[in-house]
Amino acid sequence: FVGNTVSIESNPLFQNKGDGIGFAGGIGLQYQPIEKLHLGLHYKTQMDLAYEDGRFIMRSSSGDKLVETLATTALSLPAQLDLGIGYDLSKDLYLELDATLTQWSVLQELKLQFSPLNEACGDGCSTMPLVPEENTVLNWEDVWFIRVGADWQVAPEIQVSAGIGYDASPVP
């Protein structure tokens, strides 16, 4: 399992900082059915993160702090399935096609729960949240990321790699 610490930071009017930790697992297989053909498969599990008491600051357009509070949320990062096929056209040229399915549909909403901050945040600043909870509906969709690439061994000490990909947006 792989641990992951994530820090959240956003724009100057709404700042939030927090740390969360989550764990995900992965497994991969590679198979070469014939000498020049390479097949690959990799799966990474969903990662669930919990952020407790992250600091959330709202500022006016002039930069004055208006609200400082603590926010708690849970976030699921999607599972991914990777498929790949590669072929050695010659000893110097290798082509590959890869596809990744990312299960963004796990992100249906983002819910922030606010609580008062237990320390003063300055003159004219409220330590109470404007609302106790904020729900943002996402309804994201699963998407495929498709890539094709090549490696060309120009000389023993020089290899040229190139590729292109298409990644769809999960936002409906």
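As shown above, the structure is provided for reference.
Residues numbered from 1 in each chain as written. Predicted model: local features only at pLDDT ≥ 70, side-chain atom pairs only at ≥ 80, totals over all residues. Heavy atoms only, no water.

*Asks:* It is not clear to me how the sheet that holds strand β12 (residues 143-155) should be interpreted in this structure. Could you clarify?
*Replies:* Note: strands within a sheet are paired through backbone hydrogen bonds, in either parallel or antiparallel orientation. Reading across from one edge, β4-β5-β8-β9-β12-β13 is the order of the six strands in this open sheet, with antiparallel pairing throughout. The sheet is open, and its two borders are formed by β4 (26-34) and β13 (158-167), each paired with just one other strand. Going across the sheet, the axis of each strand differs from the next one's by a mean of 15°, ignoring polarity. Judged from the seven bridges that link them, β4 and strand β5 (residues 37-44) form a sheet pairing that is antiparallel. Residue pairing across strands places L29 opposite L41, the latter belonging to β5. (Pairing = 2+ DSSP bridges. Helix = DSSP H or I, 4+ residues; strand = E, 2+ residues; numbered from the N terminus. Axes fitted to C-alpha atoms, helices over the stretch in contact; angles between N-to-C directions.)

*Asks:* Please explain unusual backbone geometry as it appears in this structure.
*Replies:* Outside of glycine, negative phi angles account for most residues, and trans bonds account for most peptide bonds. Even without a glycine there, the phi angle at N139 is positive, about 50°. Mapped onto the fold, N139 is located in the loop between β11 (133-137) and β12.

*Asks:* Hey, could you run me through the environment of L39 in this one?
*Replies:* On the secondary structure map, L39 appears in strand β5. On the accessibility criterion, L39 (30% relative accessible area) is partly exposed. Residues L39 and I85 lie 46 residues apart in sequence; the distance between their C-alpha atoms is 4.6 Å. In contact with L39, other than residues within four places in its own chain, are L29, Q30, Y31, P33, G84 and I85. (Buried < 20%, exposed > 50% of the residue type's maximum accessible area, 1.4 Å probe, protein only. Contact = heavy atoms within 4.5 Å.)

*Asks:* Honestly, the packing of aromatic side chains in this entry has me stumped. Any pointers?
*Replies:* Two aromatic rings are characterised by how far apart their centres lie and by the angle between their planes. Enumeration over the complete set of coordinates arrives at one aromatic pair. With 5.4 Å between their ring centres and 75° between their planes, W104 and W140 make a pair best called edge-to-face. Within this pair, whereas W104 is found in the loop between β9 (93-102) and β10 (109-116), its partner W140 is found in the loop between β11 and β12, the two being separated by 36 residues in sequence. Residue classification places W104 among the partly exposed residues on the basis of a relative accessible area of 23%. Classification of W140 by relative accessible area gives partly exposed; the value is 22%. (Phe/Tyr/Trp six-rings, centres within 6.5 Å; stacked < 30°, edge-to-face > 60°.)

*Asks:* I would appreciate a short explanation of the pairing of β5 in the present structure.
*Replies:* Walk down a regular strand and you will see the side chains alternate between the two sheet faces. A loop of two residues connects β4 with β5, the two strands running antiparallel in sequence. For β5 and strand β8 (residues 80-88), the ladder comprises eight bridges, and the chain directions are antiparallel. Residue H42 lies in a different strand from β8, and its bridge partner there is D82.

*Asks:* Help me understand a nonpolar patch on the surface, please; the structure alone is not making it clear to me.
*Replies:* A contiguous nonpolar patch, built from L29, Y31, L39, L41, L83, I85, L97, W144, I146, V148, I164 and Y166 and spanning about 1,100 Å² of accessible area, is present on the exposed surface. Counting residues per element, the ones that place at least two in the nonpolar patch are β4, β5, β8, β12 and β13. Looking at the nonpolar patch, the element that brings in the most residues is β12, giving three residues. Along the chain, L83 turns up in strand β8. A relative accessible area of 36% means that L83 is categorised as partly exposed. (Patch = residues over 30% accessible without salt bridge, like charges linked within 9 Å, V, L, I, M, F, W, Y side chains within 5 Å. Areas by Shrake-Rupley, 256 points an atom, 1.4 Å probe, with all protein chains shown as cover. Salt bridge = Lys/Arg side-chain N within 4 Å of Asp/Glu carboxyl O.)

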